[in-house]
Amino acid sequence: MYDNDLSDVVAADKAHVWHHLTQHKPFETSDPRVIVEGKGIHVWDAKGTRYLDAVSGGVWTVNVGYGRTEIADAVRDQLVKLNYFAGSAGSIPGAMFSKKLIEKMPGLSRVYYCNSGSEANEKAFKMVRQIAHKRYGGKKTKILFRERDYHGTTIGALSACGQPERHMQYGPLAPGFVEVPHCLEYRKQWDVEDYGQRAADAIEEVILREGPETVGAICLEPVTAGGGVITPPKGYWERVQEICKKYDILLHIDEVVCGVGRTGAWFGYQQYGVKPDMVTMAKGVASGYAAIACLVTTEDVFDQFKDDASDPLNYFRDISTFGGCTAGPAAALANMEIIENEGLLENTTQMGAYCLSKLEELMEKHKVIGDVRGKGLFLGAELVADRGTKEPVAEKLAQQVVAECGAQGVMIGVTNRSLPGFNNTLCLSPALIATRDNIDEITGAIDVALTRVFG
Ligand SMILES: Cc1ncc(COP(=O)(O)O)c(C=O)c1O
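All values reported here derive from a predicted model rather than from experimental measurement. (Residues numbered from 1 in each chain as written. Predicted model: local features only at pLDDT ≥ 70, side-chain atom pairs only at ≥ 80, totals over all residues.)

K.L.:
Quick question: what am I supposed to make of the overall build of the chain here?
P.N.:
Assigned secondary structure in the chain consists of 14 helices and 16 strands. Over its C-alpha atoms the chain spans a radius of gyration of 22 Å, differing by no more than 12% from the 23 Å that the globule rule assigns to 455 residues. Considered along the principal axes of its C-alpha atoms, the chain spans approximately 65 × 60 × 45 Å. Considering the chain as a whole, with its 455 residues, one finds that 50% of them fall into the buried category. Pairs at least 24 residues apart make up 73% of the contacts formed inside the chain by residues separated by at least 6 positions. (Helix = DSSP H or I, 4+ residues; strand = E, 2+ residues; numbered from the N terminus. Rg over C-alpha atoms; globule rule 2.2 N^0.38 Å. Buried ≥ 20, exposed ≤ 12 C-beta atoms within 10 Å, placed from the backbone. Contact = placed C-beta atoms within 7 Å.)

What follows is the structure, encoded as structure tokens:
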């Protein structure tokens, strides 16, 4: 599709761009990948090679696929009308997207705009801390997070990070963040029948150890993403909710990956009947057509920041400069309309189930697949050297599978720089427009790759 000579672009990139999450030494002898164009579920690199993108822009983001002129048009029209004004004032797309979003989130009512998932989570942490100071004499400031979960790259968010390889060497981290155990049943930590209940009880144990009067909130991914695509065991969320209620702890759900369709519902928490106090979202909100993130809260949380107008400190004293960019909500509105008009939630549920069944077939054929899991078009296959001991495969081999898929024109992902020794889960998150043929191509490439790497 792309036939221009882009060697000068590649040279400029190689000379000056510092790529994210990348060790650059190999680029002394090879070229970095430069992606130049996208259409539907496909992208093209600077060499003109076409890939089926089974990771929605690398990090589960481009939910409605590439080349959506209706989103580009909505953004362009908005930019020429009004590109920006600080979020202390309202805007037309900001108001209209908030209304549409809240229609999808019964029980919640307020939208705070910012521009990345990390930032949205930081806002939530600040709200928890401020509530602690206003309501609980500065005591309920601790924030719980879960082993294997990730909430962002800033120092505050890294302090709430259950993936050691993300925060190692970046300390000292912020105080007041406390880890609770993960809930991945495949890697059982308790030998019990009712695993969901037990994994949630482990949260209560941490609360009791820390002192419930010191714990303000718990921040959890509905389905853990980069920590290994972890779907919660049965009964887990019901018990988590009970615990939050019992100890007056705010439930903050991080929907940065799951939000806006990825699991086949508007939000991942809705798959499990959860009633959160705060929800953060970013990636899929505008499918990467513009930077936007939202922190959505209940009216109850909101009310705590306006109860005494005579106190000059009694409101949320926070701003996000680019939270006032109107391109974000304009793109988000058009993105949501596409999901509705094209029935993409239904497609995600159907294609997700189909893809899971294809992965289960692969598991019968390839002993190296120890477990497959996921929800909607958000799937993982954990690779093990031995099914009995569940010893993870060497990270290099998991990466080789990704490379072998790439050689067949299919981009898949693998958990990366998360848990020492456990960067062994292949990740799939194709756009919500994926067809059966796309799924067949993706799983077919994985089949061939596994045979090439493991025989
Ligand atoms: C669950 C989760 N939360 C938060 C973030 C951080 O989002 P951002 O990179 O937009 O800051 C990510 C990014 O991968 C994520 O996966």
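Picking up where we left off.
K.L.:
Which parts of the structure should I look at to understand helix H11 (residues 327-341)?
P.N.:
Helical geometry note: an α-helix holds 3.6 residues per turn, so side chains three or four residues apart project in the same direction. Here H11 spans 21 Å end to end across 15 residues, near enough to the 21 Å set by a 1.5 Å rise per residue. Most of H11 is tucked away, with 12 of its 15 residues classed as buried. Ala-327, Gly-328, Pro-329, Ala-330, Ala-331, Ala-332, Leu-333, Ala-334, Asn-335, Met-336, Ile-338 and Ile-339 are the residues of H11 that are buried. Phi turns positive one or two residues past the end of H11, at Gly-343, with a value near 60°. (Expected span 1.5 Å × (residues − 1).)

K.L.:
Can you walk me through the domain arrangement of the chain in this structure?
P.N.:
Interface size is commonly expressed as the accessible area that is lost once the parts come together. Domain annotation for the chain reports domain 1 (7-62 + 343-454) and domain 2 (70-341). Centre-to-centre separation of domain 1 and domain 2, based on C-alpha positions: 26 Å. Between domain 1 and domain 2, the residue contacts involve 30 residues of the former and 26 residues of the latter. Among the secondary structure elements, those contributing two or more residues to the side of domain 1 that touches domain 2 are helix H2 (56-60), helix H12 (344-365), strand E11 (369-374), strand E12 (379-386) and strand E16 (425-428). (Domains from an automatic or database assignment.)

K.L.:
Is there a simple way to explain the sheet that holds strand E3 (residues 50-53) in this structure?
P.N.:
Sheets are built from strands paired through backbone hydrogen bonds, the pairs being either parallel or antiparallel. Taken in spatial order, the 4 strands make up an open sheet running E1-E2-E3-E14, and their pairing is mixed. The open sheet has two edge strands with one neighbour each: strand E1 (35-39) and strand E14 (410-411). Summarising the sheet, E3 and E14 pair through 2 bridges and their orientation is parallel. Residue pairing for E14: Asp-53 is matched across the bridge by Met-411. (Pairing = 2+ DSSP bridges.)

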